[in-house]
Amino acid sequence: MLSHSSGLTKLQEGVSLKLEENRQRGEKMREHRKEYLKLDERLSTLSDRLTHNVMVPFTSKAFMPGSLIHTNEILVLLGENYFVETSSKHAREICSRRIKQCDKVLEELKKELELVQGWKQQTRQLQQEGEQCLDITEEMSDAQL
C-alpha cells in the first residue's frame, strides 16, 4: 500500500491542510451567523409597514391627510448584485432563512471535520505500523537463481 514514507508524509500534509481549511470555513460561517443574528435583532425593532398615513399640519390650524414614506424600506441583497426593497418583517424572514442555511453549512462542516480527523488518525496509525515493520531483503546471486 503506502510503503514509502514520503507518500505517507504527503498524505499527512494533505489531511492537515484539509483540516485547517475546514476550521477556517467553520470560523467564517460562525461569524456570518453571528452577524445575521445581530441583524435579526435590529430588524425586530422596526415596524412592519413601508408607509404611514398621518395628518400633516398645513398651517397652525389646518391639517391635511398625508403619508410618511420610506419609513421602513430595507434594501436586501439577493445575490449576484440583485437587490430588493422590502419591509423589515420580510427582511427578518430572509435573515432567518440565511441563519438556517448557516446552521446547515456548520453541521456539514462538523461532519466533514469528523471525517478528516478520522483520516488523520488513520494516517498516524499507518505511520506507526510502518515504523514497527522491517523490510527483509535477501540478495541472491545468479548461481542461486
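First things first, this report covers the structure right here in the doc. Since we're looking at a predicted model, the values are computed, not measured.

This brings us to the state of the cysteines. Here the structure, examined in full by the defined rule, presents zero disulfides. Free cysteine: Cys95, not disulfide-bonded; nearest cysteine sulfur from Cys102 at 9.0 Å.

All right, on to the environment of Gly118 then. Within the element layout of this structure, Gly118 appears in helix α2 (residues 88-132). Judged by its relative accessible area of 26%, Gly118 is partly exposed. Considering only alpha carbons, one finds Gly118 and Ser67, 51 residues apart in sequence, at a separation of 63 Å.

A positive phi angle is found at Glu80, which is not glycine, with a value near 55°. Tracing the chain through its elements places Glu80 in the loop between β3 (74-79) and β4 (82-86). The phi torsion at Asn81 lies on the positive side, around 60°, for a residue other than glycine. Along the chain, Asn81 turns up in the loop between β3 and β4.

About the criteria used
- Think of each chain on its own: its residues are numbered from 1, step by step along the sequence as written.
- Since the coordinates come from a predicted model, pLDDT governs what is reported: local features require at least 70, and pairs of side-chain atoms require 80 or more to be given and counted, while whole-chain, interface and lining totals use all residues.
- For the side-chain quantities, the full set of heavy atoms in the structure was used; hydrogens and water were omitted.
- A pair of cysteine sulfur atoms is labelled a disulfide when the two atoms are within 2.5 Å.
- Under the scheme used here, helices are H or I runs from DSSP no shorter than 4 residues and strands are E runs no shorter than 2 residues, and both carry numbers assigned from the N terminus.
- Each residue gets one of three labels from its accessible area relative to the maximum for its type: buried under 20%, exposed over 50%, partly exposed in between, using a 1.4 Å probe on protein chains only.

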